[in-house]
Amino acid sequence: MIEFSNIDIIRNLLIATQWTILLSLAAFAGGITVALLLTAARLNKTPLLSIFVRIYVEVFQGTPLLMQMFLCFFGLSMISIEISAWNAAALSLTLFTSAFLVEIWRGCIDTLPKGQWEASRCLGLSFLQTLRYIILPQAIKTALAPSIGFSVQVVKGTALASVIGFVELTKAGSMLNNATFEPFKVFTFVAIIYFILCYPLSWTSKFLEKKFNASR
Amino acid sequence: MPLVKINDVHKYYGDLHVLKGVNLSIKQGEVICIIGRSGSGKSTLLRCMNGLEDYQKGGITVDYKEVTTEDIQVKALAKSVGMIFQNFNLFPHLTVGQNIMLAPTIVLKQSTEEARVVAKKMLTKVGLADKFDSYPEQLSGGQQQRVAIARALAMSPKVLLCDEITSALDPELVGEVLKVVEQLAEEGITLILVTHEMNFARDVSDRVVFMNQGKIWEEGPPKDIFEKPQTEELKLFVNSVL
Amino acid sequence: MLNFSDLLPYTDQFLKGLLTTVELTLYSTLLGLILGAVLATARQYGSSLVAGVVSVYVELIRNTPFIVQLFFIFFGLPSIGVMLSPWQAGMIAMVINLAAYSTEIIRAGLGTTPKGQWEAAKVLGLSFKQTLLRVVMVPAVEKIYPALTSQCIIVMLGSAVLSQISVPDLTYAANLVQSRNFRSFESYLITAGLYLLLAILMRKAFNMIGRRVFSYRVIK
Ligand SMILES: Nc1ncnc2c1ncn2[C@@H]1O[C@H](COP(=O)(O)OP(=O)(O)OP(=O)(O)O)[C@@H](O)[C@H]1O
Ligand SMILES: [Mg+2]
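Here is a short report on the structure shown in this document.

The rules we used
- Residues numbered from 1 in each chain as written.
- Chains lettered and ligands numbered in written order.
- Predicted model: local features only at pLDDT ≥ 70, side-chain atom pairs only at ≥ 80, totals over all residues.
- Helix = DSSP H or I, 4+ residues; strand = E, 2+ residues; numbered from the N terminus.
- Buried ≥ 20, exposed ≤ 12 C-beta atoms within 10 Å, placed from the backbone.
- Contact = placed C-beta atoms within 7 Å.
- Near = placed C-beta within 6 Å.
- Pairing = 2+ DSSP bridges.
- Nonpolar A, V, L, I, M, F, W, Y, C, P; charged D, E, K, R; others polar.
- Axes fitted to C-alpha atoms, helices over the stretch in contact; angles between N-to-C directions.
- Core = buried A, V, L, I, M, F, W, Y, C linked by C-beta atoms within 7 Å.
- Expected span 1.5 Å × (residues − 1).
- Arc of directions from axis to C-beta.

**Overview of the overall build of chain A**
The secondary structure content of chain A amounts to eight helices and zero strands. Counted from the first residue to the last, chain A has its helices and strands arranged as α-α-α-α-α-α-α-α. In terms of principal-axis extent, the alpha carbons of chain A reach across some 75 × 50 × 25 Å. Relative to its full complement of 216 residues, chain A shows a buried share of 44%. Pairs at least 24 apart in sequence give 77% of the contacts found in chain A among residues at least 6 apart.

**Describing the site of ligand 1**
Residue and element names in this part refer to chain B. Around ligand 1 sit Y13, L16, V18, G36, S38, G39, S40, G41, K42, S43 and T44, and that is every residue in its neighbourhood. Of all the secondary-structure elements, those providing two or more residues to the shell around ligand 1 are β2 (16–26) and α1 (42–48). Sort the elements by how many residues they give to the shell around ligand 1 and α1 lands first, with three residues.

**Regarding the sheet that holds strand β1 (residues 4–13) of chain B**
Residues and elements named next belong to chain B. In spatial order, the strands read β2-β1-β4-β5; together these four strands make up an open sheet with antiparallel pairing. In the strand order of this sheet, the two ends are held by β2 and β5 (65–66), each with one partner. Alignment of β1 against strand β4 (residues 57–62), held across five bridges, turns out to be antiparallel. Considered in β4, the bridge of K5 is made with T61.

**Quick notes on the interface of chain C and chain A**
Every contact between the two is made by 30 residues of chain C and, on the other side, 28 residues of chain A. At ten residues, helix α8 (residues 184–213) of chain C tops the list of elements feeding residues into the side of chain C that touches chain A. Among the residues making up the side of chain C that touches chain A, the classes are represented as 19 nonpolar, nine polar and two charged.

**Describing the sheet that holds strand β8 (residues 190–194) of chain B**
Residues and elements named next belong to chain B. Read across the sheet, six strands follow the order β6-β7-β8-β3-β9-β10 without closing on themselves; strand pairing throughout is mixed. Looking at the sheet topology across the chains shown, the edges are occupied by β6 (81–84) and β10 (215–220). On average, each strand axis in the sheet is inclined to that of its neighbour by 20°, with strand direction left out of account. Note: strand β3 (residues 31–36) against strand β9 (residues 207–212), five bridges, orientation parallel. Among the inter-strand pairings, G36 is bridged to a residue of β9, identified as M211. Running over the sheet, helix α5 (residues 141–153) touches β6 and β7 (159–163) and is turned about 170° from β6.

**Brief notes about unusual backbone geometry**
Of all residues except glycine, most have a negative phi; of all peptide bonds, most are trans. Residue and element names in this part refer to chain B. The phi angle at F88 is positive, at roughly 70°, despite the residue not being glycine. As for its placement among the helices and strands, F88 is situated in the loop between β6 and α3 (96–106). Positive phi outside glycine occurs at S156, with the angle close to 40°. Considering the arrangement of structural elements, one finds S156 in the loop between α5 and β7. On the neighbour-count criterion, S156 (14 C-beta atoms within 10 Å) is partly exposed.

**Points about the environment of T103 of chain C**
All names here are of chain C. In this fold, T103 is placed in helix α4 (residues 86–111). The sequence separation of T103 and S47 amounts to 56 residues, and the corresponding C-alpha distance is 16 Å. If sequence neighbours within four positions are ignored, T103 has contacts with G36, L39, A40, R43, V54 and V58.

**Overview of the nonpolar core**
Within soluble globular proteins, side chains that are nonpolar generally end up buried alongside one another. The biggest cluster of nonpolar side chains holds 200 residues, and the ones touching the most others in it are M69 and V190 of chain A, M49 and L191 of chain B together with L70 of chain C. A total of 13 residues in this core trace back to one element, the largest contributor, which is helix α4 (residues 85–110) of chain A. Once you skip the residues sitting within four places of it in the chain, M69 of chain A turns out to touch A88, A89, S92, L160, A161, V163 and I164 of chain A.

**Here we look at the interface of chain B and chain A**
Facing the 19 residues of chain B at the interface are 16 residues of chain A. Counting only elements with at least two residues in the side of chain B that touches chain A, the list comes to α2 (71–78) and α3 of chain B. Sort the elements by how many residues they give to the side of chain B that touches chain A and α2 of chain B lands first, with four residues.

**Looking at the arrangement of the chains**
The protein chains that touch form two pairs of chains, and the pair with the most contacts between them is chains A and C. Separated throughout, chain B and chain C approach each other most closely at a C-alpha pair spaced 28 Å apart.

**So, helix α6 (residues 171–187) of chain B**
All names here are of chain B. If you check α6, its first and last C-alpha atoms are 26 Å apart, about what 17 residues at 1.5 Å a residue would give, namely 24 Å. V177, L178, V180, V181, L184 and A185 are the residues of α6 that are buried. Down the axis of α6, the sector holding all buried residues measures 155°, keeping them to one side. When the buried face of α6 is taken as reference, the exposed residues oriented beyond 90 degrees from it are E172, E186 and E187. Here the buried face of α6 lies against β3, α5, β7, β8 and α7 (198–204). In the segment just after α6, G188 is the residue with positive phi, at about 95°.

**Side note on helix α2 (residues 48–62) of chain C**
With 15 residues, α2 of chain C ought to run about 21 Å at 1.5 Å a step, and its terminal C-alpha atoms sit 20 Å apart, in line with that. Of the surrounding elements, those touching the buried residues of α2 of chain C are α8 (183–214) of chain A together with α1 (11–45) and α4 of chain C.

**Some words on the environment of K79 of chain B**
By the secondary structure assignment, K79 of chain B is in the loop between α2 and β6. On the basis of neighbour counts, which here come to 18 C-beta atoms within 10 Å, the residue K79 of chain B falls in the partly exposed class. Among all residues touching K79 of chain B, those that are not within four sequence positions of it are G124 of chain A together with M155 of chain B.

And the structure:
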């Protein structure tokens, strides 16, 4: 058996942390993109589209992220697309993230006065122009804090990619545990690294929320 | 052909019959005041004229364009019809200048320079030339409403629709807004105002339209309407507000 | 192609797993909310030391993944002499998780209590505990009830991870079934559907309870 010093354990964990960060970034970027599209679809007056978004949100908020990951992993490989654990994890996290973001943003957008839409319409702005120049710039201010707050859930959500075999921080922790038989130490390190990743995001979110509330 | 032609318009909110066959023609340069009790359909009629609300029967044309709620139609109408709201609806995240320049640049495709010149001119007209870089929140209600007027004017509309534009203002700020509107009337822009300011209606308008129960109950020159009301309903209304 | 008939022989497994998940959810929701209410009170009205300790706990839980907490409890604690069955470890993980989130949520509710409520209770001679339980708590919880509901559902859904330490829950059943009949996608699809049903029913149940408890709102 190979001997692992604390330094070795931490070094290995940090290497895996890079993948946790990368996966988080991919999921968050993907989630934002999809959520933007869904938001546009929801606000559009076509009833079918907004019903679709409602169901989408219900399904992805109402089922375990782990199940979504399994379904992406096994579902896509069933229709004979060879899918890597990375792809399945990134895809499912993107869908999961977008479902929550679209709902968070809905709150922010729907609290804007209806008059903002009407004034824009009277001035001849198209739907997308109204979104781009009038609605989003205002909604972003209120959406920033809760969105960053949710990014903590995304980082933590990446831990589930370990279950489908993607070697990120949690998986690396499990592997090191199997090699060292020092679960207490290893998982303490793992937890500390997650905390270091997540806490600044939580803090920023709270700070922005306070700042925003104070400015009103 | 009249600038605005409203022909037997009916409007329902679900089962509620709000407009029951409205007919109205408005010539270029006319100043029309619409008066009537709360719930008589004044706002609804105004909002039908630029496609904010749809109607179920009849037809409306403004500046040779048929009014519908389709996006293309509303966009085309925005070049002929401006609207001022009771609660201003300025965009709070944009400066006064940006509020005014937004639509001319992205809808009329004016260059920024061009739009800036127009914006400054309109602001001067409403007496707020020094507020170009202020944010709406830094202004009083009366000033905000004047900015809203400048914003609408920057699109050089032929008709301006005003829905109780002084109702949300403190009494001492009403005058400054009405003065601007009066000045516009003199310049010959077509104005359609829903208003509770009866003195203003009497002094400034060419024609007063009294709405009741979703219909145009009585219309005529302000003198006739206020001094020789024909119908019982208008008599009651005039007595209650004067 | 999809083939669900291969799942039929395993109905029992699914039902047993479902039952375990429901059971775990029921207990952990009750315990988690009670603990959350206690900690929220401590955080809001306790000494700064107590409040500090509570917020360290809350931040630690909220900023680390559930699965890591679970592994720490199940694999880590035995090495310092705390042996737990998978079920116990899972249960504890769910409770501390929900407690941490509900502490934060309930505290926000307590923060909205108008000062006048405390003053009115005081001049009527009510003690701190009486005021808290009989005057302040219910309206405070009412304010944040939707957020609390969502959080309980999130914890229920999160319990799917318990299968990783062999708690025989719904996800565990799905894993088992798909390893036998190789119908992974179908197994997980059905399971996801069951979770969705559970989430919807849970929300309904919370709404029903809410209407009862907060009925003073409806009467007016
Ligand atoms: N969005 C809506 N949905 C349903 N009914 C509406 C809606 N908007 C207006 N109504 C109804 O239509 C009728 C006419 O309303 P409208 O706003 O046109 O009246 P108004 O003459 O402008 O009154 P006010 O002087 O109070 O502004 C009222 O009975 C009102 O309740
Ligand atoms: Mg009105």
